[in-house]
Amino acid sequence: MEKVIIARFGEVHLKGGNRPWFLKMLRGNLAKRLDGIARVALTDNRFVITGFANADDAATIAKNTFGIISVSVVKRVDVTPEAIMAALDDVRIDGTFKVAVNRANKRFVVRSTEFAATCGGVIMRNNPNVRVDLSNPRHIINIDIREQCAFVYENVLDGVGGLPVGTAGRAVVLLSGGIDSPVAAFLGAKRGLNIDFVHFATPPYTSELALAKVEKLGRIVGEYTGGCRLFVIPFTEISRAIQKNCDHKYMITIMRRFMVRIAERVGLHVRADCIMTGENLAQVASQTIEGIASNNFVATRLPILRPLITFDKSEIVALAKRIGTYEVSIEPHEDCCTVFVPANPVIKPNIRAVEAEEEKLDIDGLVNRANASFAGN
């Protein structure tokens with residue numbers, strides 16, 4: 001009998017002929033995240049984690065790895081009725097219970113319902129205050145009978161699900177420091193994207209504390225992805241140029257277009273497959289259809305993905321709280337978009353009017369000087 005952790009995968013099951021590659025990627029991600037903490041092997045369609053000093057820590061890492069749908073700390077025993085029933089001897093519970101048997105190994109000598117009843121008898125003998133309730137039990141004792149071994153356990157921890165990071169390509173995510181963009185990055189990673197962040201800093205208008213906040217958000221998302229790079233782009237010159245030369249009502253629209261231009265340059269440099277933003281339809285003045293569409297015209301080689309486009313704000317906040325970014329996002333350190341927001345921004349910018357305002361600027365020079373710095377971050 002051995003205490004191990006099993007991690008179950010979900011959508012990877014549907015990948016047909018590509019399934020071995022997805023499983024290889026998922027095992028690699030688990031091994032990377034558990035490096036120095038535990039070992040990972042794929043056995044009987046379960047990832048089996050061994051060699052850990054702290055089961056709770058290893059289980060938390062495993063359940064927060066994209067591609068894993070659930071995790072359990074289990075007893076691993078031989079595939080015999082005697083070994084399985086011996087693993088039940090130290091089960092101590094009260095109230096109601098049931099035994100759930102999954103006989104994936106059809107060569108196991110006892111049928112599932114019969115074996116569940118037998119195992120229930122073992123538990124009742126050792127726990128005189130329990131009774132069986134098959135409909136709504138307080139405790140479910142699970143017995144998973146596989147080809148090479150059997151697992152006995154009670155608790156199942158939900159995983160984050162999705163696809164293994166790295167199986168869908170790479171995204172460059174515009175990270176503002178607000179609530180939305182870290183959640184967008186999380187959702188992109190959940191669909192298999194590696195994540196790089198681009199943040200636009202405008203010192204002295206934004207502080208070192210604002211940058212530290214963004215770095216903290218990047219680390220939190222990186223706990224799910226295995227790590228994210230952060231490229232910090234100086235944006236003060238661009239913001240001042242727009243403020244000095246352009247109609248102020250177009251300021252946010254033009255700033256966002258510069259951010260997309262620069263993010264695309266960064267993306268091409270790091271071989272990204274897309275740009276990702278935390279934009280949400282009609283949430284703020286710059287996120288009308290017209291405002292969002294104006295950004296599309298300046299990204300000429302990479303598509304822009306917007307995972308949050310139809311979310312309610314309450315849904316975004318709930319997810320931010322669940323993944324651990326919310327409390328950091330609401331720290332009172334402003335980003336460049338809040339510092340330079342005009343009193344009356346245009347809500348439905350006309351693309352020709354926006355382009356006419358941009359003709360007042362040295363776009364290539366501003367973008368080139370901003371991009372010259374990012375490789376060192």
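Now for a quick tour of the structure.

Calculation rules
- In every chain, residue numbers begin from 1 and rise along the written sequence.
- Under the rules for a predicted model, residues below a pLDDT of 70 receive no local features and side-chain atom pairs below 80 are neither given nor counted, while totals for whole chains, interfaces and linings still include all residues.
- Side-chain measures were taken over the full set of non-hydrogen atoms in the model, leaving aside hydrogen atoms and water.
- Each helix corresponds to a stretch of at least 4 residues labelled H or I by DSSP, and each strand to a stretch of at least 2 residues labelled E; elements are numbered beginning at the N terminus.
- Only C-alpha atoms enter the radius of gyration, while the globule expectation follows 2.2 Å times N to the 0.38, with N the number of residues.
- We call a residue buried when its accessible area falls under 20% of the maximum for its residue type, exposed when it is over 50%, and partly exposed in between, using a 1.4 Å probe and counting protein chains only.
- All accessible areas in this document rest on Shrake-Rupley with a 1.4 Å probe, and a residue is counted as covered only by the protein chains that are shown.
- By the counting scheme adopted, Arg and Lys are positive, Glu and Asp are negative, and His together with the chain ends is not counted.
- Charge placement uses NZ in Lys and CZ in Arg. For Asp and Glu, CG and CD serve respectively.
- Identification of polar contacts relies on pairs of N or O atoms within 3.5 Å, with a donor-acceptor requirement for protein atoms, meaning one able to donate a hydrogen and the other able to accept it, and with residues adjacent in sequence counted only if both atoms are side-chain atoms.
- Should any heavy atoms of two residues lie within 4.5 Å, those residues are considered in contact.
- Here an angle of 0 to 180 degrees is reported between the N-to-C directions of two axes, which are lines fitted to C-alpha atoms, with helices fitted over the stretch in contact.
- Each angle gets one of four labels, with under 35 degrees taken as roughly parallel, over 145 as roughly antiparallel, 65 to 115 as roughly perpendicular, and the rest as oblique.
- Crossing handedness: left-handed means the near helix sits turned counterclockwise from the far one by under a right angle, and right-handed means the same turn made clockwise.
- As a working rule, the residues Ala, Val, Leu, Ile, Met, Phe, Trp, Tyr, Cys and Pro are called nonpolar, Asp, Glu, Lys and Arg charged, and the rest polar, with Gly in that last group.
- Patch construction takes residues with relative accessible area above 30% that form no salt bridge. Like charges are linked within 9 Å, and nonpolar side chains (Val, Leu, Ile, Met, Phe, Trp, Tyr) are linked within 5 Å.
- In what follows, salt bridge is the name for a side-chain nitrogen of Lys or Arg lying within 4 Å of a carboxyl oxygen of Asp or Glu.
- In plain words, nonpolar cores are sets of buried Ala, Val, Leu, Ile, Met, Phe, Trp, Tyr and Cys residues tied together by side-chain atoms within 4.5 Å.
- Here, a strand pair is defined by DSSP locating no fewer than two bridges between the strands.

### Section: the overall build of the protein chain
Point 1. For the protein chain, the count of helices and strands is 14 helices and 14 strands.
Point 2. Computed over C-alpha atoms, the radius of gyration of the protein chain comes to 26 Å, more than 25% over the 21 Å expected from 2.2 N^0.38 for 377 residues, which places it beyond the range of a compact globule.
Point 3. By residue count, 53% of the 377 residues in the protein chain fall in the buried class.
Point 4. Surface summary for the protein chain: the accessible area is close to 17600 Å², and the carbon and sulfur share equals 50%.
Point 5. Side chains of the protein chain carry 47 positive and 40 negative charges; the gap between the two charge centres is 4 Å.

### Quick notes on the side chain of threonine 167
Point 1. Tracing the chain through its elements places threonine 167 in the loop between β9 (157-158) and β10 (169-174).
Point 2. Side-chain polar atoms of threonine 167 contact the backbone oxygen of proline 164, separated by 2.7 Å.
Point 3. Not counting the four nearest positions on each side in its chain, threonine 167 is found in contact with Trp21, Phe22, Met25 and Gly192.

### Details of the packing of helix α5 (residues 180-190) against helix α6 (residues 208-225)
Point 1. Following both chains from N to C, one finds α5 and α6 inclined at 15 degrees, their axes separated by 10 Å at the closest point. Relative to α6, α5 is oriented roughly parallel. The crossing of α5 and α6 is right-handed. Each of Pro182, Ala185, Phe186 and Ala189 in α5 lies in contact with α6, whose residues at this interface are Leu217, Val221, Tyr224 and Thr225.
Point 2. In the contact of α5 with α6, the residues fall into 7 nonpolar, 1 polar and no charged.

### A look at the side chain of threonine 288
Point 1. Locating threonine 288 in the fold gives a position in the loop between β13 (274-276) and α9 (289-296).
Point 2. According to the relative accessible area criterion, threonine 288 is buried, its value standing at 12%.
Point 3. At 3.1 Å, the side chain of threonine 288 forms a polar contact with the backbone nitrogen of glycine 291.
Point 4. Ignoring sequence-local partners within four residues, the contact set of threonine 288 consists of Leu281, Ile347, Lys348 and Pro349.

### Points about a nonpolar patch on the surface
Point 1. A contiguous nonpolar patch, built from Met124, Val132 and Leu134 and spanning about 280 Å² of accessible area, is present on the exposed surface.
Point 2. Examined against the element boundaries, methionine 124 turns out to sit in helix α4 (residues 112-126).

### Remarks on the nonpolar core
In globular proteins that are soluble, nonpolar side chains generally tend to be buried together.
Point 1. Counting residues in each nonpolar core, the largest one holds 36 residues, and the members touching the most others are Ile242, Phe258, Ile262 and Leu361.
Point 2. Among the elements of the structure, β10, β11 (193-201), β12 (229-234), α7 (236-245), α8 (251-269) and α14 (363-371) are those that each provide at least two residues to this core.
Point 3. With 10 residues, α8 is the single largest residue contributor to this core.
Point 4. Residues contacting phenylalanine 258, with those up to four places away along its chain left out, are Phe235, Ile238, Ile242, Leu361, Ile363, Leu366 and Val367.
Point 5. Val173, Phe186, Leu193 and Ile195 belong to the second largest nonpolar core, which has 32 residues in total.

### Focus: unusual backbone geometry
Point 1. Of note, the amide linkage connecting proline 203 to proline 204 takes the cis form, showing an omega dihedral of 5 degrees.
Point 2. Residue position: proline 204 is located in the loop between β11 and α6.
Point 3. The residue asparagine 45 is not glycine, and still its phi comes out positive at about 60 degrees.
Point 4. Counting through the fold element by element, asparagine 45 comes out in the loop between β2 (39-43) and β3 (46-50).
Point 5. Given the relative accessible area of 35%, asparagine 45 is considered partly exposed.
Point 6. Not every positive phi belongs to a glycine, and arginine 271 is a case in point at roughly 60 degrees.
Point 7. Inspection of the secondary structure puts arginine 271 in the loop between α8 and β13.

### A closer look at the sheet that holds β13
Point 1. With respect to topology, 5 strands assemble into an open sheet ordered β12-β11-β10-β13-β14, the strand pairing being parallel. Whereas interior strands pair on both sides, the edge strands pair on one side only; in this sheet they are β12 and β14 (304-305).
Point 2. Bridge count for β11 against β12 is 6 bridges, and the pairing is parallel. Bridging across to β12, phenylalanine 197 finds its partner in leucine 230.
Point 3. Sitting on the sheet, α8 is in contact with β10, β11, β12, β13 and β14, with an inclination near 150 degrees to β10.

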